[in-house]
Amino acid sequence: MPELPEVETVMRGLAARLQDRVIRRATVRRPDLRWALPDRLAERLTGARVLGLRRRAKYILIRLDTGESMLLHLGMSGRILIRPRGANAPEPHEHVALETEDGWEVGFVDPRRFGSIDLIPTAAEEEHRLLAGLGPEPLDPGFTPKRLKAALAGRRSPIKAALLDQRIVAGLGNIYVCEALYRAGIAPFRLAGDVPTSRLVPEIKATLLEAIDAGGSSLRDYVQPGGELGYFQHAWRVYGREGQPCARCPGPPVCPGVARVVQGGRSTFYCPRLQR
Ligand SMILES: [Zn+2]
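Every chain is numbered independently, its residues counted from 1 as its sequence is written. Only residues with pLDDT of at least 70 get local features here, since the model is predicted, and only at 80 or more are side-chain atom pairs given and counted; chain-wide, interface and lining totals rely on the full set of residues. Heavy atoms from the whole structure form the basis of all side-chain values; hydrogens and water molecules are not counted.

Trainee: Looking at this model, I keep getting lost on the overall build of the protein. Mind explaining?
Mentor: Counting from the N terminus, the helices are DSSP H or I runs at least four residues long and the strands are E runs at least two residues long. Counting secondary structure elements, the protein contains 7 helices and 11 strands. Two things to know: the radius of gyration comes from C-alpha atoms, and the globule rule equals 2.2 Å times the number of residues to the power 0.38. Computed over the C-alpha atoms, the radius of gyration of the protein is 20 Å, within 12% of the 19 Å expected from 2.2 N^0.38 for a compact globule of 276 residues. By its C-alpha atoms, the protein is 60 × 35 × 30 Å across when sized along the principal axes. Categorising residues by exposure relies on relative accessible area from a 1.4 Å probe, with only protein chains included: less than 20% of the type maximum marks a residue as buried, more than 50% marks it as exposed, and the intermediate range marks it as partly exposed. When the 276 residues of the protein are sorted by exposure, 52% land in the buried category. About 12400 Å² of surface is accessible on the protein, with carbon and sulfur atoms providing 51% of the total. Taking the average location of the 41 positive side-chain charges in the protein and that of its 31 negative ones, the two points are 7 Å from each other. To measure how exposed things are, a 1.4 Å probe is used in the Shrake-Rupley method; for residues, cover is taken only from the protein chains shown. A positive count includes Lys and Arg, and a negative count includes Asp and Glu. His and the chain ends are not counted in either. For the purpose of locating charges, the reference atoms are NZ of Lys, CZ of Arg, CG of Asp and CD of Glu.

Trainee: Would you mind showing me how to read the coordination of the zinc ion here?
Mentor: Reference geometry at the metal: tetrahedral coordination by four donors gives ideal angles of 109.5 degrees; octahedral coordination by six donors gives 90 or 180 degrees. Donor selection uses N, O and S atoms within 2.8 Å of the metal (3.2 Å for Na, K and Ca). Since no water is included, sites may look incomplete. Only C246 (SG), C249 (SG), C255 (SG) and C271 (SG) from the protein coordinate the zinc ion, and they sit 2.2 to 2.5 Å from it. For the zinc ion, the 4 donor atoms in the first shell make angles of 99 to 119° at the metal, a pattern classed as tetrahedral. For the zinc ion, all donor residues lie on one chain, and their spacing in sequence is C-x2-C-x5-C-x15-C. Here C271 lies in the segment after β11 (266-270) and C255 lies in the loop between β9 (227-228) and β10 (259-263), a separation of 16 residues in the sequence. Exposure remark for C271: the relative accessible area of 0% places this residue in the buried category. Each label reflects the angles at the metal, where four donors whose angles all fall between 85 and 135 degrees are tetrahedral, four or six donors whose opposite pairs open beyond 155 degrees and whose other angles stay between 65 and 115 are square planar or octahedral respectively, and the rest are irregular.

Trainee: Quick question: what am I supposed to make of the packing of aromatic side chains here?
Mentor: Two measures describe an aromatic ring pair: the distance that separates the ring centres and the angle between the ring planes. Each aromatic pair joins two rings of Phe, Tyr and Trp (for Trp, the six-membered one) with centres within 6.5 Å, and gets the label stacked for planes under 30 degrees apart, edge-to-face for over 60, and tilted for any other angle. Counted by the stated rule, this structure contains 4 aromatic pairs. Considering the side-chain rings of Y176 and W236, the 5.4 Å spacing of their centres and the 85° angle between planes classify their relative orientation as edge-to-face. Here the residue Y176 occupies a position in helix α5 (residues 174-184), and W236 occupies one in the loop between β9 and β10, the gap between them amounting to 60 residues. On the numbers, 5.2 Å between centres and 70° between planes, the contact of Y239 with F269 is edge-to-face. On the criterion of sequence distance, the pair formed by Y239 in the loop between β9 and β10 and F269 in strand β11 is long-range, its members being 30 residues apart. By relative accessible area, which is 25% here, Y239 ends up partly exposed. When its relative accessible area of 8% is taken as the criterion, F269 is described as buried. By the ring-pair criterion, three or more aromatic residues cluster together here, those being Y176, W236, Y239 and F269.

Trainee: Could you clarify how one ought to interpret the environment of A16 in this entry?
Mentor: Mapped onto the elements, A16 comes out in helix α1 (residues 4-18). When its relative accessible area of 42% is taken as the criterion, A16 is described as partly exposed. Each C-alpha atom, one on A16 and one on A162, is 35 Å from the other, the two residues being 146 residues apart in sequence.

Trainee: How should I be thinking about the nonpolar core in this particular structure?
Mentor: Where a protein is soluble and globular, its nonpolar side chains tend to be buried together. The criterion is simple. A nonpolar core is a set of buried Ala, Val, Leu, Ile, Met, Phe, Trp, Tyr and Cys residues joined through side-chain atoms within 4.5 Å. L14, I80 and I117 are the most contacted members of the largest nonpolar core, which has 31 residues in total. Of the residues forming this core, the biggest block, 6 residues, is contributed by α1. Any two residues having at least one pair of non-hydrogen atoms within 4.5 Å are treated as being in contact. Residues contacting L14, with those up to four places away along its chain left out, are Q19, L53, I60, L72, I80, V106 and L229. With 26 residues, the next largest nonpolar core counts L148, A192, L208 and A211 among its residues.

Trainee: Would you mind going over the pattern of salt bridges with me for this structure?
Mentor: Pairing between side chains of opposite charge can happen when the charged atoms of each approach one another. Think of a salt bridge as a Lys or Arg side-chain nitrogen and an Asp or Glu carboxyl oxygen that are within 4 Å of each other. Counted according to the given criterion, the structure contains 24 salt bridges. Where R12 meets E8, a salt bridge forms, and the shortest distance between an N and an O atom there is 2.9 Å. In this pair, R12 and E8 both sit in helix α1, 4 residues apart, roughly one turn of the helix. The exposure class of R12 is partly exposed, given its relative accessible area of 38%. Between D102 and R21 there is a salt bridge whose closest N-O contact spans 2.6 Å. Note that D102 is positioned in the loop between β6 (94-100) and β7 (104-109) and R21 in the loop between α1 and β1 (23-28), a separation of 81 residues in sequence. Here the salt bridges share partners, and the residues they tie into one network are E8, R12, R54, R55, R56, E125, E126 and E137.

Next comes the structure, spelled out in structure tokens:
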């Protein structure tokens, strides 16, 4: 499932092909993804110029000169394909495709259809039901240790669960929460209200920025013909490494290595020695 850095990378790759371009044609091959697609979607996109793109949490907003913005979410398995017009037939499950005036096609492929596309008034983007309740962006300068401390005050839930709550901070998912807690040396089950946010917030930002950099350095490759946006190789420090040696500790018997527990139905990976 794409997380914030992957979505940021997809957004930047899309911007390289769509920014300031006119959508010559839009093709919509089914009436719904996770939810019904907007009425007359193809018609409302055709002829529109793209003024700008941005990411909010795991959503991509594509601002058009029609006064509307396209809101895109990749869901569990959504992918964006970019290719020169006519280079390939549409892929299976390529439900929506945009063709730009300068000869490129952007396809939205989503076999499981947990993704979504909406078309909303640009002036009311932040009021959309999917965006209205979101907490601060973790990479915004305004997301500070003090602000997170205030948001967590009195919370009795484990810090792992609190960081996955999109109302507290937007866009963090399982992988980056595990990584940030490891880097900050904070146990995932520690009560959210007791956590030293001065240690945690810089590590959340650093974890995300490193992953975005890894995605950015792959940009060269993924705007190539037939390219798929946003899925890059990234080495996790703890995520998915159960039973492997912990990178920051001596081996057994000092540190038993990376452990896994299930919290709220999701796997948490952590170092039992380092994270307190
Ligand atoms: Zn360790």
